[in-house]
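Listed below, chain by chain, are the residues.
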Amino acid sequence: MPPDLEAALADSARGDHDALAVLYRELNPRLLRYLRHHAGPVAEDLASEVWLALAPQIEGFPGTFPNLQALMFSIAHRRVVDEHRRRGRAPARAPIDEALDLAAADTEDPETVAVEQVTAQGAVELLVRKLPADQAEVVLLRVLGDLDVEQVAEIVGKSKGAVRIAQHRALHRLQQAFAERVVTP
């Protein structure tokens, strides 16, 4: 049964560390996929920075779980921009074998965790590799971040209309790219 994330957020806002762990287990895999795409080998470090920036804001957090997700991805986006400025180069892409996060292996079968995570990260990379950077960013935030158009627009500094258009173009481009690969009609 999936956890009640609104209740976990409310309990975390009151200082419940177990509830914070529920939020972490729910959000961190998506955060890592987003950061691995943008920052490759330093994704884990950036994820730690994001959680360090987010943690003090959770206590007394007045919003909902989607608000917390939007805040987390806003922080992550800024950390990625800072990292790229620091490096002075384009985002690095992590090889798929570096994309394993076996932290969850303590509670689950390590083989299952590894296969699921390689598959998920590989799917993310396969999709966004076919897109221009601005469209990929919108798709990553909408899908991995599970954010609405308004939240994505605020993060990327574009209008809601521009985000909708970028998403539409990205999905159209993906549809064309994968329609060409169909073997049988």
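Because the structure is a prediction, the values reported are computed rather than measured.

Enquirer: Can you tell me about the packing of helix H3 (residues 43-58) against helix H4 (residues 65-87), naming the residues and giving the values?
Expert: Packing of H3 against H4 brings their axes to within 9 Å, and their N-to-C directions diverge by 140°. For the element pair H3 / H4, the angle class is oblique. For H3 against H4, the interelement crossing comes out right-handed. Across the interface between the two elements, Leu-46, Glu-49, Val-50, Trp-51, Ala-53, Leu-54, Gln-57 and Ile-58 of H3 pack against Leu-68, Leu-71, Met-72, Ile-75, Ala-76, Arg-79, Val-80 and Glu-83 of H4.

Enquirer: So what's going on with the environment of Ala-136? Which residues, and what values?
Expert: Position of Ala-136 relative to the elements: it lies in helix H6 (residues 133-143). In this structure Ala-136 comes out as buried when scored by relative accessible area, which is 4%. For the pair Ala-136 and Glu-125, spaced 11 residues apart in the sequence, the C-alpha separation amounts to 9.8 Å. Once you skip the residues sitting within four places of it in the chain, Ala-136 turns out to touch Val-128 and Leu-131.

Enquirer: Could you give me a rundown of the packing of aromatic side chains, with the residues and numbers involved?
Expert: Across all of its chains, the model carries 2 aromatic pairs by this definition. Here Tyr-24 and Trp-51 contribute two aromatic rings whose centre-to-centre distance is 5.1 Å and whose plane-to-plane angle is 55°, an arrangement assigned as tilted. Of this pair, Tyr-24 sits in helix H2 (residues 17-39) while Trp-51 sits in helix H3; the two residues are 27 residues apart in sequence, bridging distant segments of the chain. Take Tyr-24: its relative accessible area is 39%, and that puts it in the partly exposed class. In this structure Trp-51 comes out as buried when scored by relative accessible area, which is 12%. Consider the rings of Tyr-34 and Phe-73, whose centres lie 5.4 Å apart with planes at 90°: the pair is edge-to-face.

The rules we used
- Residues numbered from 1 in each chain as written.
- Predicted model: local features only at pLDDT ≥ 70, side-chain atom pairs only at ≥ 80, totals over all residues.
- Heavy atoms only, no water.
- Axes fitted to C-alpha atoms, helices over the stretch in contact; angles between N-to-C directions.
- Helix = DSSP H or I, 4+ residues; strand = E, 2+ residues; numbered from the N terminus.
- Parallel < 35°, antiparallel > 145°, perpendicular 65-115°, else oblique.
- Left-handed = near helix turned anticlockwise from the far one by under 90°.
- Contact = heavy atoms within 4.5 Å.
- Buried < 20%, exposed > 50% of the residue type's maximum accessible area, 1.4 Å probe, protein only.
- Phe/Tyr/Trp six-rings, centres within 6.5 Å; stacked < 30°, edge-to-face > 60°.

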